[in-house]
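Each chain, letter by letter, is given below.
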Amino acid sequence: PAAGPRVQFGIAIQARLENLAMKVRLAAAGGLRQFVGMIKWHHKALVRFPRIALVMAGGLAMSALLVAAEVERKTVVVLGDSIAAGYGVETAESFPEVLQKRIQEKQLPWEVVNAGVSGDTTAGGVRRMPWLLKRRVDVLVIELGGNDGLRGIAPEETRANLEKIIALARDKYPDVRIILAGMQ
């Protein structure tokens, strides 16, 4: 049997909402002015249907927030050894986890990735970089070198590995900020 007028109207509205959601994502990614212009146009078109306009306005706001969060979210990667991994302490007490908690308390759009591996050396850090760089890295904290010293690796080799890690990060993400953590 053929669909009644209400079902057809519902299907048309659902298609319109899906189309609008796609436009919202594109417009929000493209800029606020384009986004506001698109909302004004759809507002005029939906004045005749206030309930639908209300639902769409809520959906538009949520879509805009989700897109904005995706666009603005940044990543801090902590590339380290047992100190970053949190060896000997509870997972929640590792410094990358403490950093993430402080970021969340301040409601900042940053994610901390703990890439700490107990016993890792600078050579291990170089080997892991291609995998770590598959995701966007805005800040790279390098906390490696202590195990190199414990293993008797020449300081020149440690320095060369650290320089290679930095070069790999900057080649992939030229604007990456590098923090080289040391021990005293």
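Residues numbered from 1 in each chain as written. Predicted model: local features only at pLDDT ≥ 70, side-chain atom pairs only at ≥ 80, totals over all residues. Heavy atoms only, no water.

Asks: How would you sum up the pattern of salt bridges? Please name residues and give values.
Replies: The full count for this structure, using the stated rule, is 4 salt bridges. Here Arg-135 and Glu-111 are joined by a salt bridge, their closest N and O atoms 3.0 Å apart. Of this pair, Arg-135 sits in the loop between α6 (122-132) and β3 (139-143) while Glu-111 sits in strand β2 (residues 110-116); the two residues are 24 residues apart in sequence, bridging distant segments of the chain. With relative accessibility at 36%, the residue Arg-135 sits in the partly exposed group. Given a relative accessible area of 26%, Glu-111 falls into the partly exposed group. One salt bridge in this structure joins Glu-163 and Arg-159, with 3.1 Å as the shortest N-O distance. Of this pair, Glu-163 and Arg-159 both sit in helix α8 (residues 155-172), 4 residues apart, roughly one helical turn. Judged by its relative accessible area of 43%, Glu-163 falls in the partly exposed class. (Salt bridge = Lys/Arg side-chain N within 4 Å of Asp/Glu carboxyl O. Helix = DSSP H or I, 4+ residues; strand = E, 2+ residues; numbered from the N terminus. Buried < 20%, exposed > 50% of the residue type's maximum accessible area, 1.4 Å probe, protein only.)

Asks: Run through the packing of α6 against α8, naming residues and quoting values.
Replies: Put simply, α6 and α8 touch, their axes get as near as 8 Å, and they point 20° apart. In this view, α6 runs roughly parallel relative to α8, as classed from their interaxial angle. α8 is crossed by α6, and the crossing has left-handed handedness. Counted together, Thr-122, Ala-123, Gly-125, Val-126 and Met-129 of α6 and Thr-158, Asn-161, Leu-162, Lys-164, Ile-165, Leu-168 and Ala-169 of α8 form the full contact between these two elements. Taken together, the residues of the contact of α6 with α8 break down into 7 nonpolar, 4 polar and 1 charged. (Axes fitted to C-alpha atoms, helices over the stretch in contact; angles between N-to-C directions. Parallel < 35°, antiparallel > 145°, perpendicular 65-115°, else oblique. Left-handed = near helix turned anticlockwise from the far one by under 90°. Contact = heavy atoms within 4.5 Å. Nonpolar A, V, L, I, M, F, W, Y, C, P; charged D, E, K, R; others polar.)

Asks: Talk me through the environment of Thr-158; I want residue IDs and the actual numbers.
Replies: Structurally, Thr-158 is set in helix α8. Distance in space between the C-alpha atoms of Thr-158 and Ala-123 is 7.7 Å, their sequence separation being 35 residues. Not counting the four nearest positions on each side in its chain, Thr-158 is found in contact with Thr-122, Gly-145, Asp-148 and Ile-153.

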